[in-house]
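Descriptive analysis of the structure
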Amino acid sequence: MATQPVAPQLDWQVLDTYKTPMEIAWQFDYEIGIEKLRNLYSKAKQFQWDAEQKLDWSVEVDPSKPIVGEDRFMFLQMPFMQRMSKSQREMFTAHATAQLLSQFLHGEQGALMTAAALTHAVPDYEAKLYGATQTMDEARHVEVYERYVRKLAIVYPISPWLKEIIDLTLQGDHFVKILIGMNMVVEGLALAAFHNMRRQATCPLLKDLTHYVLQDESRHVAFGNVYVKETIAAMHPDDREDVAQFAFDAVKSMVDSQGGVDGKGQRKGDPGFFKVLEHCNIDPQDFIKGIIEAGAAGINAKLPPGSIHSFKDLMMPALVRVGAVTPRTRELYKQAAIPVWEDASVLESMEDASTGDIVIPETAH
């Protein structure tokens, strides 16, 4: 019989509302003028899937047993964690997994709202059609992650930094900013996490679920590239700089939240993660000392072979190729010690899959 942990009592808002400067754009010219978008819309229709039929929800998920490989969590490499009992490390892995998957769930709700907003705001007919399919995709992703996380019996609150970047995106005053904030910045982070999770998942249901989500997300990234590139190219230079500044601010916020592009610096405090420590009877101060100890010993977490680096492989190359990085903002990235990576080979390998099967080069960092 699977052991179900008691969900911790989490004090976080159920409902949060605010007003956004949303533009609504009617379009009465129904001619599709961008062939790549026509093809993307066609692919989106072909690869819709029903989570009830596609996934085997009868698979039992035992939160007391690892559902992803231990190398998914860099913290387990710390001597501090190695000194703990096996059962305590397993409890930490279970709760850290639940906390991570809860962020997938909340992030997909944010993506659902941004996709719906885009369908209202984009001025082109073909973009509205595609935006509608992306909205359906994101609704399905919320459905599957909510159902899976419920099997773990624990839903952790949204991380403040994730809510901050999604709120910033939703309050953007131009649809291009929404596309940059979600389809490139947030989903750049999410795509890497999904890909790496699929490689390391030991639970067959989680592996299959993530596989199908990745197929959808590959199209979302392609949409950002096709549509944003043409729109930015047609903008007045002042408007282009405004969009580039938004992109820099979004990336900088994400980098700060992650403790740098390689995650080795100071991260923003996360109440949800502190709840993980609390539930596992780990003193937060001892945990922080353990991180310092590991750093002093030269123990730096490295992504396993074949993993994707969110900033290097996805986020920055996506922004560069659509023109959302200008000479002026390149200097801002330099001052902030954020490399402007431009190699889009991993990104393109996701978008070029004609059947929805994603093949990532094993040389990916």
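For the structure itself, look to the data block above.
This write-up is about the structure you can find in this document.

Calculation notes
Residue indices follow the written sequence of each chain, beginning from 1 at its first position. The predicted origin of the model limits local features to residues at a pLDDT of at least 70 and limits the giving and counting of side-chain atom pairs to 80 or more, whereas totals for whole chains, interfaces and linings rest on all residues. Each side-chain value is derived from all of the structure's non-hydrogen atoms; neither hydrogens nor water enter the calculation. Ring geometry is summarised as follows: Phe, Tyr and Trp rings, the Trp one being its six-membered ring, pair when their centres sit within 6.5 Å, and such pairs are stacked at plane angles under 30 degrees, edge-to-face over 60 and tilted between the two. Numbering of helices and strands starts at the N terminus; helices are DSSP runs of H or I of at least 4 residues and strands are runs of E of at least 2. With a 1.4 Å probe rolled over the protein chains alone, any residue whose accessible area is under 20% of its type maximum counts as buried; one over 50% counts as exposed, and the rest are partly exposed. Here a residue-residue contact requires only that any non-hydrogen atoms of the pair lie within 4.5 Å. Here, nonpolar core means buried Ala, Val, Leu, Ile, Met, Phe, Trp, Tyr and Cys residues that are tied together by side-chain atoms lying within 4.5 Å of each other. Whenever a carboxyl oxygen of Asp or Glu lies within 4 Å of a side-chain nitrogen of Lys or Arg, that contact is scored as a salt bridge. Throughout, an axis means a line fitted to C-alpha atoms (over the contacting stretch in the case of helices), and angles, computed between N-to-C directions, take values from 0 to 180 degrees. Oblique is the label for every angle not falling under 35 degrees (roughly parallel), over 145 degrees (roughly antiparallel), or within 65 to 115 degrees (roughly perpendicular). The handedness criterion is simple: a crossing whose near helix is rotated anticlockwise from the far helix by less than a right angle is left-handed, and one whose near helix is rotated clockwise is right-handed.

**Focus on the packing of aromatic side chains**
Scanning the entire structure with this criterion turns up 12 aromatic pairs. The interplanar angle of 90 degrees and the centroid separation of 6.2 Å between the aromatic rings of phenylalanine 92 and phenylalanine 273 together place this pair among those described as edge-to-face. With phenylalanine 92 in helix α4 (residues 86-121) and phenylalanine 273 in helix α10 (residues 271-279), this pair connects stretches of sequence that are 181 residues apart. Since its relative accessible area comes to 16%, phenylalanine 273 is described here as buried. Among the aromatic side chains, those forming a connected cluster through ring pairs are Phe80, Phe92, Phe273 and Phe287.

**Things to note about helix α6 (residues 160-170)**
Considered for burial, the residues of α6 that qualify are Trp161, Leu162, Ile165, Ile166, Asp167, Thr169 and Leu170. For α6, the secondary structure elements touched by its buried residues are α4, α7 (175-200) and α9 (237-258).

**A short note on the nonpolar core**
Counting 110 residues, the largest nonpolar core has Phe92, Leu101, Tyr148, Ile180, Val251, Phe287 and Leu319 as its most contacted members. For phenylalanine 287, the contacting residues outside a window of four places in its chain are Phe75, Met78, Phe80, Met81, Phe92, Phe273, Leu277 and Ile282.

**Let's talk about the pattern of salt bridges**
Throughout the structure, instances matching the rule amount to 15 salt bridges. Salt-bridge contacts for arginine 147 lead to glutamate 52; the nearest nitrogen and oxygen are separated by 3.0 Å. Separated by 95 residues along the polypeptide, arginine 147 in helix α5 (residues 125-151) and glutamate 52 in helix α2 (residues 51-54) bring together distant segments of the chain. Owing to a relative accessible area of 30%, arginine 147 belongs among the partly exposed residues under this scheme. Here arginine 328 and glutamate 241 are joined by a salt bridge, their closest N and O atoms 2.8 Å apart. Taken as a pair, arginine 328 in helix α13 (residues 327-335) and glutamate 241 in helix α9 lie far apart in primary sequence, 87 residues in all. A residue is classified by how much of its surface remains accessible, and arginine 328, at 36% relative accessible area, is partly exposed. Among the residues examined, glutamate 241 registers a relative accessible area of 25% and is labelled partly exposed. Linked through salt bridges whose partners overlap, the residues forming this network are Asp137, Arg140, Asp216 and Arg219.

**Remarks on the packing of α4 against α5**
Two elements in contact, α4 and α5, have axes separated by 8 Å at closest approach and are oriented at 160 degrees. Taken together, α4 and α5 sit at an angle that is classed as roughly antiparallel. As for how α4 packs across α5, the hand of that crossing is left-handed.

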